[in-house]
Amino acid sequence: MLKILLAFVVGGLICVVGQLLMDLTRSSITPAHILVGFVTGGVLLSALGLYQPLVDLAGAGATIPLSGFGHSLAQGAIKAVEEKGLLGAFSGGIESTAVGVAAAVTFGYAFAVLFNPRS
Amino acid sequence: MVAVKGNIEQQQEQESQREEYRLLVESVKPQHNVLKNCVMAFLVGGTICVIGQLFLDFFISQGMGEREAAAVTAGTMVFLGAFLTGIGVYDQIGKIGGAGSIIPITGFANSIVAPAMEFKREGFLFGVGAKLFTVAGPVLVYGIITSCLVGIIYYLLQ
Amino acid sequence: MGEKVGQQSVSFSQPPVITSSAAIVGPEEGAGPLAQYFDWVIDDPLFGEKSWEKAECKMLEESGKLALKKINLQTQDADLFLAGDLLNQIVSANYSARGLEIPFFGLFGACSTFVEAMLLASMLVDGGFARCVLLASSSHHLTAERQFRFPVEQGVQRPATGQWTATASGALVVEAQGDGPRIVCGTIGKVVDMGITDMNNMGAAMAPAAADTLLTHFEDTGTNPDSYDLIVTGDLGKVGQKLLIELLKKRGCDPGDKLRDCGLMFYDTEKQDIHAGGSGCGCSAAVFSGYFYSELKEQRYKNILLMATGALMSPITCQQGESIPAIAHAVVVSS
């Protein structure tokens, strides 16, 4: 139960950071800027070892926000470097996020073809 | 020389007029309700993460390893986000939740399906195929580049 | 023959007559307070077509045909068709002109297109270059949103200053002789740019152009706000209207309670989720062709000043950080 509560609070707070970025900065900040910012931010925090504690604490609360996607990119790259050397820097990130990316492309394509815009 | 000076003065006057107008616009502009937006982002974003946590726990209880379960959870959430976009529900969630619906990976799926679906009439190559990556493209580009850099730096520091 | 008055205005010696009008609107607009004034409320944004672009084109073409049909004219009776819309290369206007087979001038003035067309039609008629001109402009919420902003199914919060592109089309028939309200004079606007770069705050970008044209009009024609029953702006929205009042007051001109805005009249701003107000080429077109035309005809208004404003940017110039230039044209219509 505590785990679920923590996922709720941490995940919610990460989203609040994004909302503040959108509301308090220039109006030219679009959702695309937010998503790119969160992924790159996640990669950097993870590389500095600051994101793993958050994942240990909140589970999905830290992995479901897109910064978690950045975290798995970074951890993948670092692990692969340990195993394969320099080559791992290029393969590790994509390998560890392959499921998410392939799912996004495949399901995205399928639903885009299957459905039509409502409004 | 006189003409040049005139130009500069004119430019300065125009700049000050624009600045004055910018302040006027700021003063009449309706303000975002930042507090309400943040509360809604918190609730919607938190709820999506809880749904993710429930899936994660379920997959782990089925005997998956932690990393594997996390990947399958991400895939499941992407499926849900894409499906809700297809049936026209996710944009309604977005109106309420703001960043709370954009930042979770379901929002990433939404940003993939929405343009692809809407540009279907422009064909399957330059419509669906290309528009699928309107937002996902930049996300992957910058995510992958930074992770490669992180890997390279880690290699050099080893 | 008409003549130029003052710096930017024209007045017509034989004021051209608006002999007919037609307006077609979409579902959201049909749910607004003016619904009864429109000829046709479509409840399907696709209008029975395969794409939204085709739907907009059909809307434009049908409103033109309807305006002619109401006074028993055929398309070949019109000497000229003036039309415009918001899409790239004004395709809705071009493609509807393909169907109508009337000699055609395509116009682009963003949301000011309708008044631009009224001004040009009056000049051509009064100048003797045409006896009967059909003019129309349209916009479609779904075609414009994806060209200028985001796909509609993307979960994006619109800021409070954002405007709702109307799904609507309006058409008028302007003739040298006949019964109906007359276009007496008009003022051609200059492009004004006060450095606004926010595509979600078009009202702020357009208000300075509106103030410029309005003040020039008063000066050129020796009139003031009291000379008119109403001063109707195209689609400044809540934010733009407030700014226009401020800008006018600063120059010593008080519009009092004469100001109306088509973008705000089109919808129930309390109940409908349209943020700062409606916009688009079809907004002023449908509100004038539907509501104001019939009110003028019924003599409920004697003379109104109609001024439509347009923001002349493209998504590309905005991405490059360019500010938004704007224009406003005005015409005076008397019953």
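Predicted, not measured: the structure shown is a model, and the values here were computed from it.

A word on the domain arrangement of chain C
For an interface, size is often stated in terms of accessible area lost upon the parts coming together.
All names here are of chain C.
Phase 1 of the analysis: On domain assignment, one finds that chain C holds domain 1 (3–175) and domain 2 (182–334).
Phase 2 of the analysis: A C-alpha centroid distance of 17 Å is found between domain 1 and domain 2.
Phase 3 of the analysis: Between domain 1 and domain 2, the contact holds 62 residues from the first and 63 residues from the second.
Phase 4 of the analysis: If you sort the residues of domain 1 by the area they bury against domain 2, Q8, C111 and Q163 come out on top, with a joint share of 16%.
Phase 5 of the analysis: One can count 0 salt bridges joining domain 1 with domain 2.
Phase 6 of the analysis: Applying the counting criterion to the domain 1 and domain 2 interface returns 28 residue pairs in polar contact (both at pLDDT 80 or more).
Phase 7 of the analysis: Secondary-structure elements contributing two or more residues to the side of domain 1 that touches domain 2 are strand 2 (9–11), strand 3 (17–25), helix 1 (27–30), helix 4 (113–126), strand 7 (132–139), helix 5 (141–148), strand 8 (164–165) and strand 9 (168–175).
Phase 8 of the analysis: Broken down by class, the residue content of the side of domain 1 that touches domain 2 amounts to 33 nonpolar, 23 polar and 6 charged.

Some thoughts on the interface of chain B and chain A
Phase 1 of the analysis: Taken together, the contacts link 67 residues of chain B with 66 residues of chain A.
Phase 2 of the analysis: Summing the contributions of chain B and of chain A, the shared interface buries around 5700 Å²; its carbon and sulfur component is 81%.
Phase 3 of the analysis: Linking chain B to chain A there are 1 salt bridge.
Phase 4 of the analysis: K3 of chain A is the salt-bridge partner of D57 of chain B, the closest N and O atoms lying 3.5 Å from each other.
Phase 5 of the analysis: One can count 10 residue pairs in polar contact (both at pLDDT 80 or more) joining chain B with chain A.
Phase 6 of the analysis: Elements supplying a minimum of two residues to the side of chain B that touches chain A: helix 2 (34–61), helix 3 (66–86), helix 4 (90–97), helix 5 (99–102), helix 6 (105–118), helix 7 (124–131) and helix 8 (136–157) of chain B.

What to know about the interface of chain C and chain B
Phase 1 of the analysis: At the interface, 31 residues of chain C touch 32 residues of chain B.
Phase 2 of the analysis: Summed over both sides, the interface between chain C and chain B buries roughly 2600 Å², with carbon and sulfur atoms accounting for 59% of that surface.
Phase 3 of the analysis: Ranking the residues of chain C by area buried against chain B places R146, E153 and Q157 of chain C at the top, with a combined share of 26%.
Phase 4 of the analysis: Put simply, E122 of chain B and R146 of chain C hold a salt bridge, and the shortest N to O gap is 2.7 Å.
Phase 5 of the analysis: Between the two partners, chain C and chain B, sit 10 residue pairs in polar contact (both at pLDDT 80 or more).
Phase 6 of the analysis: Breaking the side of chain C that touches chain B down by element, the ones donating at least two residues are helix 5, helix 6 (202–221) and helix 7 (237–250) of chain C.
Phase 7 of the analysis: With 6 residues, the single largest contributor to the side of chain C that touches chain B is helix 7 of chain C.
Phase 8 of the analysis: Each residue belonging to the side of chain C that touches chain B can be placed in one class, and the counts come to 15 nonpolar, 8 polar and 8 charged.

Considering the packing of aromatic side chains
Phase 1 of the analysis: Taken as a whole, this structure holds 17 aromatic pairs over all chains when the rule is applied.
Phase 2 of the analysis: Note on F292 of chain C and Y301 of chain C: the rings are 6.1 Å apart at their centroids and 45° apart in plane angle, and the pair reads as tilted. Here F292 of chain C matches Y301 of chain C in class, with each residue buried.
Phase 3 of the analysis: Here the aromatic cluster, defined as three or more aromatic residues joined through ring pairs, consists of F107, F111 and F115 of chain A together with F79 and F83 of chain B.

Topic: helix 8 of chain B
Phase 1 of the analysis: For helix 8 of chain B, built from 22 residues, the straight-helix expectation of 32 Å at 1.5 Å per residue is met to within 8% by its first-to-last C-alpha distance of 31 Å.
Phase 2 of the analysis: Listed as buried for helix 8 of chain B are A136, G137, V139, L140, G143, T146, S147, C148, V150 and G151 of chain B.
Phase 3 of the analysis: Contacts from the buried residues of helix 8 of chain B go to helix 2 (31–47), helix 5 (66–84) and helix 6 (86–114) of chain A together with helix 6 of chain B.

Definitions and limits used
Residues numbered from 1 in each chain as written. Chains lettered and ligands numbered in written order. Predicted model: local features only at pLDDT ≥ 70, side-chain atom pairs only at ≥ 80, totals over all residues. Heavy atoms only, no water. Domains from an automatic or database assignment. Contact = heavy atoms within 4.5 Å. Buried area = accessible area lost by both parts, 1.4 Å probe. Salt bridge = Lys/Arg side-chain N within 4 Å of Asp/Glu carboxyl O. Polar contact = N/O pair within 3.5 Å; in protein donor to acceptor, adjacent residues only side chain to side chain. Helix = DSSP H or I, 4+ residues; strand = E, 2+ residues; numbered from the N terminus. Nonpolar A, V, L, I, M, F, W, Y, C, P; charged D, E, K, R; others polar. Phe/Tyr/Trp six-rings, centres within 6.5 Å; stacked < 30°, edge-to-face > 60°. Buried < 20%, exposed > 50% of the residue type's maximum accessible area, 1.4 Å probe, protein only. Expected span 1.5 Å × (residues − 1).

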